[in-house]
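Tertiary structure, described
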Amino acid sequence: MMENSASDAVTLPGSRGRETQYWIPALALSITLAAVGHLAMKAALNTAAAVPTHGVVEKLSYHLHHPALLAGLAAYAVGTLLWIFAVSRKEISYVYPLTAANYAVIAIGGKALFGETVSTMRWAGIAVVMIGVMLMHRSSGERS
Amino acid sequence: MSPSIALWGSILLGAGGQLLLRRGVGVGAAQTSARSASYWRGIVLSPWVWAYGFSLIAAMALWLVAIAHTPISYAYPLLSSGYIFVALLSRAFLGEKVGPSRCAAIVVLSLGVVLISLG
């Protein structure tokens, strides 16, 4: 009997139905949602800082009603569920470094969206960090 | 609480939380198909995953305090120090090996983190 070629495409031989390949798109989407979430939360907190509130409770109440903050948290929550799936399939010391792309995206976002000053040393640090993360990625070939 | 304390507290809690998560789902029922009930049971019933959840919430709260008062282009790149902490903690607590090329990566990351925190 012919195997269903669609199911061959999603499970590797010997994977015992563990959807081994799905950790890749899950991780990519998790990273994207995390970046969107962080920039939205920063946007919310920037505007909230300017609003006069008295005391912690009023400030917290204001924050919890801010749509950008809630949207940012929602994006981050969905990204976390996808992250949990990726980490169940791949060693943490391998998966974690692949979030490196975010650093450049968010620094650029901070400058473009919020007018932040990013010094040359900070850009250099970000570049070095991204190199370090790529080295981490390559080192995943080491047995762990 | 100073923004600096909130920032580094968030980073350390985040790194520790990742280890709790891997400890919880790297073995056992979560290793089954995500279409199966046992995968979800493995996640929901694992105390390690719950500990991860609480540490994540605490790290997020500290993060909000931190980024309300610091530029996102400063705070977010410093999150990369989490790689260093995760590698060191995973070696200490999960028995994951840190070979020479990963060690080199940690050295480079450390340099980057120092540049960002000084810049």
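Residues numbered from 1 in each chain as written. Chains lettered and ligands numbered in written order. Predicted model: local features only at pLDDT ≥ 70, side-chain atom pairs only at ≥ 80, totals over all residues. Heavy atoms only, no water.

1. Points about the overall build of chain B
Across its full length, chain B carries six helices and zero strands. From first element to last, N terminus to C terminus, chain B shows the α and β order α-α-α-α-α-α. If one aligns the C-alpha atoms of chain B with their principal axes, the spans along those axes are about 50 × 35 × 25 Å. Out of the 119 residues in chain B, the part that is buried amounts to 48%. Contacts spanning at least 24 positions in sequence make up 72% of the contacts within chain B whose residues lie at least 6 apart. Accessible surface computed for chain B: about 5400 Å², of which carbon and sulfur atoms make up 75%. (Helix = DSSP H or I, 4+ residues; strand = E, 2+ residues; numbered from the N terminus. Buried < 20%, exposed > 50% of the residue type's maximum accessible area, 1.4 Å probe, protein only. Contact = heavy atoms within 4.5 Å. Areas by Shrake-Rupley, 256 points an atom, 1.4 Å probe, with all protein chains shown as cover.)

2. A few points about a nonpolar patch on the surface
All names here are of chain B. Taken together, the side chains of Val44, Leu45, Trp50, Phe54 and Ile57 present a nonpolar region at the surface, about 600 Å² in accessible area. Per-element tally for the nonpolar patch: the top contributor is helix H3 (residues 47–69), with three residues. In this structure, Ile57 sits in helix H3. Owing to a relative accessible area of 60%, Ile57 belongs among the exposed residues under this scheme. (Patch = residues over 30% accessible without salt bridge, like charges linked within 9 Å, V, L, I, M, F, W, Y side chains within 5 Å. Salt bridge = Lys/Arg side-chain N within 4 Å of Asp/Glu carboxyl O.)

3. Remarks on the interface of chain A and chain B
Opposite the 52 residues of chain A that make contact, chain B presents 49 residues. Taken together, both faces of the contact between chain A and chain B bury some 4500 Å²; the carbon and sulfur share is 68%. For the pair chain A and chain B, the number of links is zero salt bridges. If you look at where chain A meets chain B, you find 14 residue pairs in polar contact (both at pLDDT 80 or more). When residues of the side of chain A that touches chain B are traced back to their parent elements, those giving at least two are helix H2 (23–50), helix H4 (67–89), helix H5 (92–95), helix H6 (101–114) and helix H7 (120–138) of chain A. (Buried area = accessible area lost by both parts, 1.4 Å probe. Polar contact = N/O pair within 3.5 Å; in protein donor to acceptor, adjacent residues only side chain to side chain.)

4. Notes on the packing of aromatic side chains
Scanning all chains against the criterion turns up six aromatic pairs over all chains. Aromatic side chains Tyr39(B) and Trp40(B) sit 5.0 Å apart centroid to centroid with 85 degrees between the ring planes, which places their arrangement in the edge-to-face category. For Tyr39(B), a relative accessible area of 2% corresponds to the buried category. On the basis of relative accessibility, which here comes to 47%, the residue Trp40(B) falls in the partly exposed class. Members of the aromatic cluster, joined through ring pairs, are Tyr103(A), Trp63(B), Tyr76(B) and Tyr83(B). (Phe/Tyr/Trp six-rings, centres within 6.5 Å; stacked < 30°, edge-to-face > 60°.)

5. Observations regarding the confidence of the model for chain A
All names here are of chain A. Looking at chain A as a whole, the pLDDT averages 78, with 72% of positions reaching at least 70. H7 holds the highest mean pLDDT among the elements of chain A, 90, whereas helix H1 (residues 5–10) holds the lowest, 47. The low-confidence segment residues 3–9, where pLDDT is below 50, has two contacts with residues more than four positions distant or belonging to other chains. (pLDDT = per-residue confidence, 0-100.)

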